[in-house]
Amino acid sequence: MGSFEDIYQIVAQIPEGKVMSYGQISKMLNGRISAQLVGWAMRKAPMGLPCHRVLFADGSLCHEVVFGGKDIQKEMLEQEGVFFKEVYQVDMEKSQV
DNA sequence: CCGTTGACCCTTC
DNA sequence: AGAAGGGCCAACG
């Protein structure tokens with residue numbers, strides 16, 4: 001069982017309208033990995049992985065540039081039904097699983 | 001093969 | 001209250 005597979009599994013199992021933070025995933029894996037690994041895994045994340053649902057612990061959008069534009073990610077999350085507290089801040093409290 | 005870096009988070013000073 | 005450092009795993013050079 002590779003840690004990476006677990007990360008991909010969790011991220012891939014995030015339901016629509018829900019978001020997760022790097023730290024959440026890190027703790028979800030029993031803390032056997034660090035959030036930095038999640039970020040690193042996201043960097044190497046294969047296509048099909050809803051990495052756009054993964055945000056910072058503050059609820060702010062992650063490196064939106066990776067998706068090609070912060071507006072893109074915001075639009076995508078908004079389409080999925082994610083509640084936005086601020087223009088670029090997601091309400092994790094409600095969007096959290 | 002060894003060292004450094006990487007999309008982070010949390011604890012302590 | 002603000003700032004700094006530590007920590008984990010994997011890939012790249």
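Okay, so let's go over this structure.

1. Remarks on helix H1 (residues 3-12)
Step number 1: Those residues of H1 lying buried are Asp6, Ile7, Tyr8, Ile10 and Val11.
Step number 2: Residues of H1 that are buried make contact with strand S1 (20-21), helix H2 (22-28), helix H3 (35-43) and strand S2 (54-55).

2. Topic: the layout of surface pockets
Step number 1: In this structure, the largest pocket spans a volume of roughly 240 Å³.
Step number 2: Taken together, Tyr22, Gly39, Met42, Arg43, Ala45, Cys51, Phe56, Cys62, His63, Val66 and Phe67 make up the lining of the largest pocket.
Step number 3: Per element, the largest residue contribution to the lining of the largest pocket is 3 residues, and it comes from H3.
Step number 4: Considered class by class, the residues forming the lining of the largest pocket number 8 nonpolar, 2 polar and 1 charged.

3. So, the protein's contact with DNA strand C
Step number 1: What surrounds DNA strand C is the set Phe4, Arg32, Ser34, Gln36, Leu37, Trp40 and Lys44.
Step number 2: Backbone atoms, meaning sugar and phosphate, make up 59% of the atoms of DNA strand C lying within 4 Å of the protein.
Step number 3: Among the elements that line the surface near DNA strand C, the one with the most residues is H3, at 3 residues.
Step number 4: A breakdown of the residues in the surface near DNA strand C according to their chemical character gives 3 nonpolar, 2 polar and 2 charged.

4. Describing the packing of aromatic side chains
Step number 1: Summed over all chains, the structure comprises 3 aromatic pairs.
Step number 2: With a centroid separation of 5.9 Å and 80° between ring planes, the pair formed by Phe4 and Tyr8 is classed as edge-to-face. Of this pair, Phe4 and Tyr8 are both found in helix H1, 4 residues apart, which corresponds to roughly one turn of the helix.
Step number 3: Taken together, the ring pairs in this structure connect Phe4, Tyr8 and Trp40 into an aromatic cluster.
Step number 4: Seen from the ring of Phe84, Lys74 lies directly overhead, with NZ or CZ sitting 5.3 Å from the centre.

Conventions we followed
Residues numbered from 1 in each chain as written. Chains lettered and ligands numbered in written order. Predicted model: local features only at pLDDT ≥ 70, side-chain atom pairs only at ≥ 80, totals over all residues. Heavy atoms only, no water. Buried < 20%, exposed > 50% of the residue type's maximum accessible area, 1.4 Å probe, protein only. Helix = DSSP H or I, 4+ residues; strand = E, 2+ residues; numbered from the N terminus. Contact = heavy atoms within 4.5 Å. 1 Å grid on protein atoms, 1.4 Å probe; cavity = no way out; pocket = protein on both sides within 12 Å on 5 of 7 lines; lining within 4 Å. Points joined across faces, edges and corners; volume = space filled by probe spheres on them. Nonpolar A, V, L, I, M, F, W, Y, C, P; charged D, E, K, R; others polar. Near = heavy atom within 4 Å. Phe/Tyr/Trp six-rings, centres within 6.5 Å; stacked < 30°, edge-to-face > 60°. Lys NZ or Arg CZ within 6 Å of the ring centre and 35° of its normal.

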